[in-house]
Amino acid sequence: MTIRKPEDVIEPFNFEGFDSALLKTLYLRMVRAREFEEKLYYLFLTIKMPGTMHQATGQEAVAVGVASVLNADDYVTSTHRGHAHCIAKDVSLNSMMAEMFAKRNGACKGMGGSMHLCDFSKGMLGAFGIVGAGIPIATGAALSSIVRGTRQVAVSFFGDGAINEGVFHESLNMASLWKLPVIYVVENNQYALSMPNELESAVTDLSSRGCSYNVPGRTVDGNNVLAVYNAARQAVEDARNGKGPFLLECVTYRVRGHARFEQPNYRPKEEEELWKQYDPILRFKQAATTAGILSESDLKAIDQQVEKEIEDSIAFAQSGEDVGALDYKQFIYSGQMEGGVE
Amino acid sequence: MTIRKPEDVIEPFNFEGFDSALLKTLYLRMVRAREFEEKLYYLFLTIKMPGTMHQATGQEAVAVGVASVLNADDYVTSTHRGHAHCIAKDVSLNSMMAEMFAKRNGACKGMGGSMHLCDFSKGMLGAFGIVGAGIPIATGAALSSIVRGTRQVAVSFFGDGAINEGVFHESLNMASLWKLPVIYVVENNQYALSMPNELESAVTDLSSRGCSYNVPGRTVDGNNVLAVYNAARQAVEDARNGKGPFLLECVTYRVRGHARFEQPNYRPKEEEELWKQYDPILRFKQAATTAGILSESDLKAIDQQVEKEIEDSIAFAQSGEDVGALDYKQFIYSGQMEGGVE
Amino acid sequence: MRKLSLADAIREAMIQEMRSNSNVILMGEDVGRFNGAFHVSHGMFEEFGPKRVWDTPISEAGFMGMGIGAALTGLRPIIEFQYADFMYCAMDQIVNEAAKLRLMSGGQANVPLVIRAPQGATGRAAQHSQSVEAYFMHTPGMYVVMPSTPYDAKGLMISAIRLNDPVLVLEHKLLYGAASPGGGKALTDQTISEIGSDVPEDAYTIPFGKADIKRAGSDVTIIATLIMVHRALAVAGELEKEGISCEVIDPRTLVPLDEETILQSVRKTNRVVVATEDVERGGVSAELTSIISRKAFDFLDAPVECVAADNTPIPFGPAAEKHVIPQMEDIRDAVYRVLKD
Amino acid sequence: MRKLSLADAIREAMIQEMRSNSNVILMGEDVGRFNGAFHVSHGMFEEFGPKRVWDTPISEAGFMGMGIGAALTGLRPIIEFQYADFMYCAMDQIVNEAAKLRLMSGGQANVPLVIRAPQGATGRAAQHSQSVEAYFMHTPGMYVVMPSTPYDAKGLMISAIRLNDPVLVLEHKLLYGAASPGGGKALTDQTISEIGSDVPEDAYTIPFGKADIKRAGSDVTIIATLIMVHRALAVAGELEKEGISCEVIDPRTLVPLDEETILQSVRKTNRVVVATEDVERGGVSAELTSIISRKAFDFLDAPVECVAADNTPIPFGPAAEKHVIPQMEDIRDAVYRVLKD
Ligand SMILES: Cc1ncc(C[n+]2csc(CCOP(=O)(O)OP(=O)(O)O)c2C)c(N)n1
Ligand SMILES: Cc1ncc(C[n+]2csc(CCOP(=O)(O)OP(=O)(O)O)c2C)c(N)n1
Ligand SMILES: [Mg+2]
Ligand SMILES: [Mg+2]
């Protein structure tokens, strides 16, 4: 099995059960994620930006479809390619943009940057720069939910490359043993840096890889936000009701290079061009307008809203103070005991 | 699924294809392993022995059945419970016993002890004290065989507890991707220290756990040396012919405590007593004599030979010099460049 | 007061905190039904049940990461590694995640996590004998605690559980003490002195970063951790008869380190021996020597003497292990050397 | 002679050894078809093919262990970690197996293994910026090599490949140099001086344990590694104008360490600055300070000055990273301080 073609994966849009408010939210989040990153791409090209970034362009339906079924206090762990997950979990664009600029008003006070974005008030426990590292951490958040009896669910997003890290195996076994409420979402964008699926994974049907731990799984069209949403909703509902973990594979495609400026010359241009035609935002737009559920002007209004949000976020970021040389000192240790001073 | 009962696992003895010379060898190796450890048990009780040891009493058919299909230059990695694997791979009792006594004439010059027994001249790359550590190392030995074009096969022995270490997952994926000649032998003695299978593994049918990597597997009666031998022979032949890795589960039972003197009070005495009745040596003896393939006197001769070998090994060990305080200094680095002096 | 073994003291600290705070949980291999490989968690599974005491599979990176996830979301996990040597299996989660999350998140992440691990050489060769403190002392974002007595162990453990940062508590196998209900499981070193085994019943904390002067003296300062504290005290007792007065300081926490107490002593005695069980090169003794040599430069009458393990994986043979690991005579000789000029 | 970048020099070393010895292989993430994340292995997959250059899945512990198994059975693997930070994922295999196998087996195990990893802070925050040498300096059984120039890099790399022991070669990302065919992939620091970029075409070895005096001087000894060598040289150049003569020593290998060259210099200058990028507490600077303070006790006119990273995970914000990582002014100030009294 080589790189999957869109026609092997796509599912038709089925609007049953989606009202227009929800559809607008899904669209809004996808566009936010897209425009946030495209703006960053432009910024990295034109001004001196600190650090690096990995774009999820073309993959937005995965983050948005999954996170949109979660409660505000459900948990998410993310990856080096984490902007879309944050945005889908309603982390503010302002704080994210300011973090990209390494400003004090950034989400992580300028201490983490793109690869460590998080917002604990939104249940976003962190983008992890170590591939796979978030998998056991999300699993632990699910265990915590069980111990505290809160019925919260945890979601771990990770890539097709990350699935070959040992912690995936260890985590799924424990989650299954203890029926933890955790959804493992493997965002299969078909490449791990330069490595196509079939060179990295002996079994490329990634949703079946819970078989070793009795974790059920399912593969969905990751460029169809409704398909992702429905699959995630079922998995989350089951997990919340004590049925244990689930492995959801969302097949998508990494349209850009691995990281800022990286040219993916290890794959055919035609493949890229083909997949671009199955862009998740494009498809959603077409389906929703064709079905007459959302109007061009609905979408346009959202586009404009997002455009303004992004501009505002840049203004917010630029108004922030640069991280100071000594800022970091306050964040190394809390030095505090529970409930107050030591 | 709880602890497996013998009757769920046992396979009848089928002597087809085994001549009496081979049968004698199998018996000899099993008895050697048994008596070596039982003697050690006695020694640990009666004299001051250094270190500790983990007995494979009752599990000898696994080590012997598998290792007996290997060529002398095939590779084996073992575990903390490694005496039987060494003996099955023809490591000398003398050198092993001397190692247990921490003597200079020991297999590892008294530097390793029970948990690090090895003999590179026999392809025994090491018992590893870190659970699971030998799994990728055997996989690398198989890769090496491919690169050098030697058609050697590697076998990794490990326990039902070790299967939950991340390196199991990482190794099987790579072995399958690259069709490496490696056999993963999970010696399922049903406990990892105090933990019975069903508390440690979400899927207790351990031979099926290659499913995530497209590694075929099979479960056999691990207390039937012929069943183990036949299954291993097929797997090794396939691997040698380029068909890739195999996962062989041998179900057996850890008759003794986890380590020297440990009392397994976390499991019912009846369970132990029941399994003792299915002792692999006992069963082999009964079957072979009943079938008239080996005579009582054949077996007796071997028993006597082993008794003498063990006594000799103790004499050998006791004749060795104790490890000196500074011996270790010569083993930290080679400091040598390939092919000679730096 | 009651005499408790160090294992008992740690257990009592864990139990008291688990009783008073339902967010405290214990996870690790065989910590539950089996009571722990060294019986430190004896009776805890029975009292708290499987939702508070988690018997894990052999998946160190996995359960370490789960401990972090649990800590981030309101629990206060205690993670036991069966031997400190196995921490390397979870090194990424400890070093890259647990220790760095607070900073990377700009202070959002709270990581109230205790890692407990028994260490020290006891005849079990290279993979079951290591002293790992230097690796973690060099890992900013976590605390490193080394209790040498039952009294210290209880107070430091309670502090560790209550702190909102990752804390590594390293326990020396030979200090667990025979009074533990594990009986024969708990190992004991013959040279262990008796100090500090009186342990108050109520919960109490010992602040991090406060060294303890285990014995006052005036001629030489011996800084020691874990079992070396006891060896140093034994040596000090002997040397007293020869008219040599040793001050024995136990930093108790390596991170944070109580530099002031150490430097004060050095300014008084002008001579220092550092005794630790970890490997010398790049080890704790080097760090302490560096601090003292730089910050008490004008007060040293002789070079600091490092007594630490030789730079080798720990060999199996008893005579070799004994040579590699510092013994009383090594400390005594170092004191003689440091007093020579 | 040809000028090569450091990346080019390392590649040339690997290629020459792979041509002359069919047992040498390269493994790691994206090292093959992609030519390596920093293009260090450019063209090697094309030349040697998939049986010699292995593109691995993201399974650090797994492929590290496989490298060990390959080394034990006749190959001489070079294992690349994409960033040194990811070595923690394979820490057990490195520390408990690779480094200990020779000793545990009583000398039977031959472990001819090279681990290569790029390190150093380049604006990528806490998980892509670390300097890991101290962890491995503290791990007996392996060598630790830090090449600061293309000339050193080629010679040390060839020695590393030919040695029958595990060798860790740490490469600083900012030293790879723009001449690499990776073009924009290779990062360069503006302060890098030009020394040593002349690299002989033929294969040559540089013995381990021989420090290199990168600049001779008489007033103060600066011991530096990797990029700090270049910062120290730049500082030395400036200070010369003020009449201060700095000797800059690059140990090149931390294990084994050339104590003699270092101590000789200290006996001459009587003043020492140590400059390394790793975290100060328990770091390489502490080890060097300890050795010098003990073994050149009578020759020091001032305390050793440690210039090292602050004790923190590396923060993202550029001003903060710059403050944490030693810069030229930090080295210069340390020289002034050490010359003060
Ligand atoms: C432990 C670890 N190994 C390697 C890397 C380097 N790295 C960063 S992203 C990446 C590819 C990840 O692929 P995948 O999981 O499919 O995620 P994607 O980039 O496709 O979103 C690699 C190799 C890392 N960050 N962490
Ligand atoms: C990485 C690691 N974790 C934990 C241990 C402690 N330990 C040694 S043996 C063992 C149980 C192993 O169980 P299994 O793999 O089933 O092997 P068995 O003892 O049954 O032969 C444990 C937990 C270890 N040695 N290494
Ligand atoms: Mg991917
Ligand atoms: Mg077992």
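A quick note: this is a predicted structure, and the numbers were derived from the prediction, not measured.

Rules used in this analysis
Residues numbered from 1 in each chain as written. Chains lettered and ligands numbered in written order. Predicted model: local features only at pLDDT ≥ 70, side-chain atom pairs only at ≥ 80, totals over all residues. Heavy atoms only, no water. Helix = DSSP H or I, 4+ residues; strand = E, 2+ residues; numbered from the N terminus. Buried < 20%, exposed > 50% of the residue type's maximum accessible area, 1.4 Å probe, protein only. Contact = heavy atoms within 4.5 Å. Areas by Shrake-Rupley, 256 points an atom, 1.4 Å probe, with all protein chains shown as cover. Lys, Arg positive; Asp, Glu negative; His and termini not counted. Charge placed at Lys NZ, Arg CZ, Asp CG, Glu CD. Near = heavy atom within 4 Å. Polar contact = N/O pair within 3.5 Å; in protein donor to acceptor, adjacent residues only side chain to side chain. Nonpolar A, V, L, I, M, F, W, Y, C, P; charged D, E, K, R; others polar. Donors = N, O, S within 2.8 Å, 3.2 Å for Na, K, Ca; no water. Domains from an automatic or database assignment. Buried area = accessible area lost by both parts, 1.4 Å probe. Salt bridge = Lys/Arg side-chain N within 4 Å of Asp/Glu carboxyl O. Disulfide = S-S within 2.5 Å. pLDDT = per-residue confidence, 0-100. Pairing = 2+ DSSP bridges. Axes fitted to C-alpha atoms, helices over the stretch in contact; angles between N-to-C directions.

### Structural notes on the overall build of chain A
Within chain A, the regular secondary structure consists of 12 helices and 8 strands. Its C-alpha atoms give chain A principal-axis dimensions of roughly 55 × 45 × 40 Å. Put simply, chain A has 342 residues, and 67% of those count as buried. Counting only contacts in chain A whose residues sit at least 6 apart along the sequence, the fraction spanning at least 24 positions is 77%. In the structure as shown, chain A presents an accessible area of about 11400 Å², 49% of it carried by carbon and sulfur atoms. One way to put it: in chain A the 33 positive side-chain charges average out to a point 2 Å from where the 43 negative ones average out.

### Some details on the site of ligand 1
Around ligand 1 sit 22 residues, and of these A:H80, A:R81, A:G129, A:N189 and D:E60 come closest. Note that a nitrogen atom of ligand 1 is positioned 3.0 Å from one of the backbone N or O atoms of A:V131. One of the backbone N or O atoms of A:G161 is found 2.8 Å from an oxygen atom in ligand 1. About the coverage of ligand 1: the protein hides 97% of its 580 Å² of free accessible area. For the shell around ligand 1, the per-class residue count stands at 9 nonpolar, 8 polar and 5 charged.

### What about the coordination of the magnesium ion (ligand 4)?
Residue and element names in this part refer to chain B. Within the protein, the atoms that donate to the magnesium ion (ligand 4) are D160 (OD), N189 (OD1) and Y191 (O), at distances of 2.0 to 2.1 Å. Of note, the donors binding the magnesium ion (ligand 4) are all from one chain and are spaced D-x28-N-x1-Y. Note that D160 is positioned in the loop between β3 (154-159) and α7 (166-177) and N189 in the loop between β4 (182-188) and β5 (191-192), a separation of 29 residues in sequence. By the burial criterion, D160 is buried, and N189 matches it.

### What to know about the coordination of the magnesium ion (ligand 3)
Residues and elements named next belong to chain A. Bound to the magnesium ion (ligand 3) on the protein side are D160 (OD), N189 (OD1) and Y191 (O), at distances that span 2.1 Å. Here the donor residues of the magnesium ion (ligand 3) share one chain and are spaced in sequence as D-x28-N-x1-Y. Linking D160 in the loop between β3 (154-159) and α7 (166-177) with Y191 in strand β5 (residues 191-192), this pair joins segments that are 31 residues apart in sequence.

### With respect to the domain arrangement of chain C
Residues and elements named next belong to chain C. If you check the domain split of chain C, you get domain 1 (2-183) and domain 2 (212-340). The interface of domain 1 with domain 2 comprises 27 residues on the first partner and 25 residues on the second. Regarding the contact of domain 1 and domain 2, the summed buried area is about 2200 Å², with carbon and sulfur atoms giving 66% of it. When the buried area of domain 1 at its contact with domain 2 is split by residue, M137, M146 and S148 rank highest and sum to 27% of it. Between domain 1 and domain 2 we count 2 salt bridges in total.

### Re the state of the cysteines
Scanning the model with the defined rule gives 1 disulfide over all chains in all. Between the sulfur of A:C211 and that of B:C211 lies a disulfide, 2.2 Å long from S to S. Every disulfide takes its handedness from the sign of the S-S torsion; for A:C211 and B:C211 that torsion is 115°, giving right-handed. One end of the pair, A:C211, is in the loop between α8 (197-200) and β7 (217-221); the other, B:C211, is in the loop between α8 (197-200) and β7 (217-221), on a second chain. For the unlinked cysteine A:C86, the closest cysteine sulfur is that of A:C118, found at 7.7 Å. According to the relative accessible area criterion, A:C86 is buried, its value standing at 0%.

### Considerations on the side chain of D:T225
Within the secondary structure, D:T225 is located in the loop between β8 (220-224) and α8 (226-241). Excluding residues within four positions of it along the chain, D:T225 makes contact with D:M146, D:D250, D:P251, D:L254, D:A275 and D:T276.

### Focus on the confidence of the model for chain C
Residue and element names in this part refer to chain C. Residues at a pLDDT of 70 or more form 94% of chain C, whose mean pLDDT is 94. The low-confidence segment residues 178-187 (pLDDT under 50) makes 28 contacts with residues lying over four places distant or belonging to another chain. For this predicted complex, the interface confidence reaches an ipTM of 0.98, while the overall pTM sits at 0.98.

### Describing the sheet that holds strand β4 (residues 113-119) of chain C
Residues and elements named next belong to chain C. Pairing is mixed across the open sheet formed by 7 strands, whose spatial order is β2-β1-β3-β4-β6-β5-β10. A single partner strand is all that each edge strand has here, and the edge strands are β2 (53-55) and β10 (253-255). Within this sheet the neighbouring strands show an average axis-to-axis angle of 20°, counted without direction. Summarising the sheet, strand β3 (residues 76-80) and β4 pair through 3 bridges and their orientation is parallel. When the bridges of β4 are listed, I79 appears paired with I115. The strands touched by helix α1 (residues 6-20) are β1 (24-28), β2, β3, β4 and β6 (166-172); relative to β1, the strand with the most contacts, the crossing angle is about 135°.

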